[in-house]
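Each chain, letter by letter, is given below.
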Amino acid sequence: MSIFLGRGPRVSDQQKKRIPPGQYFTEKWPVLHYGSVPRVDLKTWDFKVWGEVDNPFEFGWAEFKEMPRKALHTDIHCVTRWSRLDMDFDGVAIQTILERAKLRPTARFVVVHAEQGYTANLPVEVLDDDDVILADMADGAPLTPDHGYPLRLVVPRRYFWKSAKWVRGLQFVPADRPGFWERYGYHNDADPWKEERFSE
Amino acid sequence: MTSTGPAAEAARRQFSEILARKGHAVDNVRDAVARLEQAFADGVLTRTSEIAGVLADLAVALEQDEGQKLGGKSAEAARFISRRLEQLIADA
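Every residue gets a number counted from 1 within its own chain, in the order that chain's sequence is written. For naming, the first written chain is A and the first written ligand is 1, with later ones following in the order written. Given that this is a predicted model, residues contribute local features only at a pLDDT of at least 70 and side-chain atom pairs are listed and counted only at 80 or more, while totals for whole chains, interfaces and linings are drawn from all residues.

### Description of the overall build of chain A
Then step 1. What counts as a helix is a DSSP run of H or I of at least four residues, what counts as a strand is a run of E of at least two, and both are numbered from the N terminus. For chain A, the count of helices and strands is five helices and 13 strands.
Then step 2. In terms of principal-axis extent, the alpha carbons of chain A reach across some 50 × 35 × 30 Å.
Then step 3. Counting every position in chain A, which comprises 200 residues, the buried fraction comes to 37%.
Then step 4. In this description, any two residues whose backbone-derived C-beta atoms lie within 7 Å of each other are considered to be in contact. Taking as baseline every contact in chain A between residues at least 6 positions apart, the subset at least 24 positions apart corresponds to 60%. In this scheme every C-beta is placed from the backbone, and a residue whose C-beta has 20 or more other C-beta atoms within 10 Å is buried, one with 12 or fewer is exposed, and one in between is partly exposed.

### Considerations on the overall build of chain B
Then step 1. Across its full length, chain B holds four helices and zero strands.
Then step 2. Ordered by position from N to C terminus, the α and β elements of chain B give α-α-α-α.
Then step 3. Its C-alpha atoms give chain B a radius of gyration of 13 Å, within 12% of the compact-globule value 12 Å for 92 residues.
Then step 4. Viewed in the frame of its principal axes, chain B has a C-alpha envelope of about 45 × 30 × 20 Å.
Then step 5. Looking at chain B as a whole, 32% of its 92 residues are labelled buried.
Then step 6. Long-range contacts, defined as pairs at least 24 residues apart, comprise 67% of the intrachain contacts of chain B with a sequence gap of at least 6. Our radius of gyration is a C-alpha quantity, and the globule rule it is checked against amounts to 2.2 Å times the number of residues to the power 0.38.

### Remarks on the interface of chain A and chain B
Then step 1. Each side of the interface is counted separately: chain A has 12 residues, and chain B has 16 residues.
Then step 2. Taken together, the residues of the side of chain A that touches chain B break down into six nonpolar, six polar and no charged. Residue classes follow a fixed rule: Ala, Val, Leu, Ile, Met, Phe, Trp, Tyr, Cys and Pro count as nonpolar, while Asp, Glu, Lys and Arg count as charged, and any other residue, Gly among them, counts as polar.

### What about the sheet that holds strand β5 (residues 57-60) of chain A?
Residue and element names in this part refer to chain A.
Then step 1. In space, the five strands of this open sheet follow the order β5-β4-β13-β8-β9, with mixed pairing throughout. Lying at the two open borders of the sheet, with one neighbouring strand each, are β5 and β9 (119-123). Pairwise comparison of adjacent strand axes, ignoring direction, gives a mean angle of 15° for this sheet.
Then step 2. Across six bridges, the pairing between strand β8 (residues 109-114) and strand β13 (residues 167-173) is antiparallel. The partner of V111 across the bridge, within β13, is Q171. Two strands qualify as a pair provided DSSP detects at least 2 bridges between them. Fitting a line to C-alpha atoms yields each axis, with helices limited to the stretch in contact; the angle taken between N-to-C directions then spans 0 to 180 degrees.

### Section: the environment of L134 of chain A
All names here are of chain A.
Then step 1. Mapped onto the elements of the fold, L134 is located in strand β10 (residues 133-138).
Then step 2. Expressed as a C-alpha distance, the spacing of L134 and T96, which sit 38 residues apart in the sequence, is 9.9 Å.
Then step 3. Setting aside chain neighbours within four positions, we find L134 in contact with G91, V92, I94, I97, L151, L153 and V167.

### Observations regarding helix α3 (residues 94-101) of chain A
All names here are of chain A.
Then step 1. Along α3, the positions that sit buried rather than exposed are I94, I97, L98 and A101. Seen end-on, α3 carries its buried residues on one side only, within an arc spanning 95°.
Then step 2. Turning to α3, the residues buried within the fold contact β4 (46-51), β5, β7 (82-93), α4 (124-127), β10 and β13.
Then step 3. Taken from the residues just after α3, K102 is the one with a positive phi, measuring 55°. Relevant arc is that of directions from the helix axis to the C-beta atoms, nothing else.

### Some words on the pairing of β10 of chain A
Residue and element names in this part refer to chain A.
Then step 1. β10 sits mainly inside the fold: five of its six residues count as buried.
Then step 2. Two strands pair when backbone bridges link them, and β7 and β10 are joined in this way by five bridges, in the antiparallel orientation. Residue pairing for β10: A93 is matched across the bridge by I133.
Then step 3. Of the strand pairs in this sheet, β10 and strand β12 (residues 152-154) are connected by three bridges, and their pairing is antiparallel.

### Describing the packing of helix α2 (residues 25-41) of chain B against helix α4 (residues 74-89) of chain B
All names here are of chain B.
Then step 1. It is the contact of α2 with α4, at a shortest axis distance of 9 Å, that shows an interaxial angle of 30°. When the interaxial angle is binned, α2 and α4 end up roughly parallel. In the packing of α2 onto α4, the handedness of the crossing is left-handed. Counting all contacts with α2, which are made through A25, V26, V29, A32 and L36, the residues of α4 involved are S74, A75, A78, R79, S82 and I89.
Then step 2. Among the residues making up the contact of α2 with α4, the classes are represented as eight nonpolar, two polar and one charged. Angles are sorted into four bins: roughly parallel if under 35 degrees, roughly antiparallel if over 145, roughly perpendicular if 65 to 115, and oblique for all others. A crossing counts as left-handed when the near helix is turned anticlockwise from the far one by less than a right angle, and as right-handed when that turn is clockwise.

### Description of the confidence of the model for chain B
Then step 1. You can read pLDDT as the predictor saying how much it trusts each residue, on a scale of 0 to 100. For chain B, per-residue confidence averages 92 on the pLDDT scale, and 100% of positions sit at 70 or higher.
Then step 2. Mean pLDDT in chain B bottoms out at α4 of chain B, which sits at 92, and peaks at helix α1 (residues 6-20) of chain B, which reaches 96.

### Structural notes on the nonpolar core
Then step 1. Any nonpolar core is a set of buried residues, restricted to Ala, Val, Leu, Ile, Met, Phe, Trp, Tyr and Cys, that join up through C-beta atoms within 7 Å. Within the largest apolar cluster, 64 residues are counted, with the highest numbers of intra-cluster contacts made by V112, L134 and V167 of chain A together with I81 of chain B.
Then step 2. Excluding residues within four positions of it along the chain, V112 of chain A makes contact with T119, A120, L122, L153, A164, V167 and L170 of chain A.

### Brief notes about unusual backbone geometry
All names here are of chain A.
Then step 1. Across the junction of Y149 and P150, the peptide omega takes the value 10°, indicating a cis bond.
Then step 2. Note that P150 resides in the loop between β11 (141-142) and β12.
Then step 3. Positioned with a positive phi, R81 is a non-glycine residue whose angle comes to about 95°.
Then step 4. Tracing the backbone through its elements, the reader meets R81 in the loop between β6 (70-77) and β7.
Then step 5. We classify R81 as partly exposed; it has 15 C-beta atoms within 10 Å.

Structure, rendered in structure tokens:
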């Protein structure tokens, strides 16, 4: 049996169980961001890991492409109420980064830094979930510029604004620091199954 | 210290009125910020460091490179950030 959830295509009972409250199913991948899509030159692109770590480091694009790869099949949920199921991302497991950085016990939160000063915040235990990756590919193809080329974070268990596009670094900090949307009214925790959309 | 007097009150009121106008949120916020900048330039309101930070966030949210459309979240960012600005200029 399939069910129509008000907008978009029909979904099966099994798929419906994977759609959090207040969300609708879409087969599209809407493009949502503020400002302009940044222009990226892979020759100068770099990624920085710093803060409460014993081994701060940076890497360029060529080094990223040499890291062990991880494929991720998952669902994603946007705070604007769309959910897309069965997406395939490919990239590097966040644990590859965390192990190399050697987090100190004081590293309790991470500030995700992206182009244009965009930030998003997460507790380290959420970042360290086994389904979190730094993705350079989606559905078998390199990310398009408007979906975060060349690299985005993917944190499937949180609303997708936490999965920063155009990501450029991870800063580990002892105390939580609200990110861009969190400073202006989005919920700090962003769990779609609890409908944590806004803080007010 | 909070700016007082008729000019400060007028600047705050006009900022809110521009935001509440009918029309596109991004256009309204741009106009409201222009009014705010005038108030800073005239010494009517004080640009605190927090306001400067919020204005910097807003500038990025509304940045539009040549040949590109504004991102779909720019209007929402403009609304959210201008709400915060409204709170901050009450004490500016």
